[in-house]
Amino acid sequence: DPKFKQYIDAQKYIRRFLDHFRVNYNKENVTASLQLFYLWLKVVDDELDSGNIPGSFFIDRFGNIGHIGNGEDGPQPSVIITDVLREMTMPRHQQVLEALIGLYDAVTLERSSTNMAKFINRKKETGRYTALATLQIISPYTERNPSFERFLLRLGGVGILIDSVVDLGRDIKSGELSFQP
């Protein structure tokens, strides 16, 4: 599905940054982890936008190590991919969970922003938590590099602002913003 391409391709850019900073990493594991994580972000974002499942459901699902399978939740792709992401991130489960909780909180605050200045600050926070989750997810497969980590955390805040400008018209029309820019 073309709507997922940019999310699947995000790993290419992060791997370029890893190469630029001369970070040793396992290309196969980093690629697979990032593709799954960024696809999960898009699938969950679509679910949140549809209003079908509350965002807290995904955090609870991710945090519940013993809960695998569909059961009463049904076979929604968002549920399945959450389970797969949780299993893939087991080496750093608690750290990834903390980053995802921060990301969820930031997105929740971002959606309730009452003016553009608050919206921008909260968007930056969302980007930083996305970058932090990214770092936690790939950390078992990468050599630690503080310069790369600082760069990615800063880039997360800027990158999401660019994405927000692209989506601003759609967000205004859909009523996703709590204020009129």
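To be clear, the structure that these remarks concern was listed above.
Bear in mind that the values here come from a model prediction, so they are computed numbers and not experimental data. (Residues numbered from 1 in each chain as written. Predicted model: local features only at pLDDT ≥ 70, side-chain atom pairs only at ≥ 80, totals over all residues. Heavy atoms only, no water.)

Focus: the overall build of the protein chain
Part 1 of the argument: Tallying secondary structure elements over the protein chain gives seven helices and zero strands in all.
Part 2 of the argument: Counting from the amino terminus, helix and strand elements in the protein chain follow one another as α-α-α-α-α-α-α.
Part 3 of the argument: Over its C-alpha trace the protein chain gives a radius of gyration of 16 Å, about what one expects of a compact globule, namely 16 Å for 181 residues.
Part 4 of the argument: Its C-alpha atoms give the protein chain principal-axis dimensions of about 45 × 40 × 30 Å.
Part 5 of the argument: By residue count, 40% of the 181 residues in the protein chain fall in the buried class.
Part 6 of the argument: The contacts in the protein chain between residues at least 6 apart in sequence include a share of 65% that link residues at least 24 apart. (Helix = DSSP H or I, 4+ residues; strand = E, 2+ residues; numbered from the N terminus. Rg over C-alpha atoms; globule rule 2.2 N^0.38 Å. Buried < 20%, exposed > 50% of the residue type's maximum accessible area, 1.4 Å probe, protein only. Contact = heavy atoms within 4.5 Å.)

A closer look at helix α4 (residues 77-88)
Part 1 of the argument: An ideal rise of 1.5 Å per residue puts 16 Å on twelve residues; α4 measures up with 16 Å between its terminal C-alpha atoms.
Part 2 of the argument: Three or more residues of α4 are buried, namely S78, V79, I81, T82, D83, L85 and R86.
Part 3 of the argument: Residues of α4 that are buried make contact with α2 (27-50), α3 (55-63), α5 (93-111) and α6 (116-138). (Expected span 1.5 Å × (residues − 1).)

A short note on the side chain of T142
Part 1 of the argument: Looking at the element boundaries, T142 is found in the loop between α6 and α7 (146-174).
Part 2 of the argument: Look at T142 and you get buried, because its relative accessible area is 18%.
Part 3 of the argument: With residues near it in sequence (within four places) discarded, T142 still touches L18, V23, N24, Y25 and V30.

Let's talk about the nonpolar core
Part 1 of the argument: Counting 34 residues, the largest nonpolar core has L18, F37, Y38, W40, L85, L100 and F148 as the members making the most contacts within it.
Part 2 of the argument: Taken together, the elements giving at least two residues each to this core come down to α1 (5-20), α2, α3, α4, α5, α6 and α7.
Part 3 of the argument: The element contributing the most residues to this core is α2, with nine residues.
Part 4 of the argument: With residues near it in sequence (within four places) discarded, Y38 still touches Y7, A10, I14, T130 and T134. (Core = buried A, V, L, I, M, F, W, Y, C linked by side-chain atoms within 4.5 Å.)

Topic: the packing of α3 against α4
Part 1 of the argument: At a minimum axis separation of 9 Å, α3 and α4 run at an interaxial angle of 40 degrees. Considering the angle they form, α3 stands oblique to α4. Between α3 and α4 lies a crossing whose hand is right-handed. Contact residues: α3 offers F57, F58, R61 and F62, while α4 offers S78, V79, T82, D83, L85 and R86.
Part 2 of the argument: Tallied by class, residues from the contact of α3 with α4 come to five nonpolar, two polar and three charged. (Axes fitted to C-alpha atoms, helices over the stretch in contact; angles between N-to-C directions. Parallel < 35°, antiparallel > 145°, perpendicular 65-115°, else oblique. Left-handed = near helix turned anticlockwise from the far one by under 90°. Nonpolar A, V, L, I, M, F, W, Y, C, P; charged D, E, K, R; others polar.)

Honestly, that's just the spatial picture; any functional story needs more than this.
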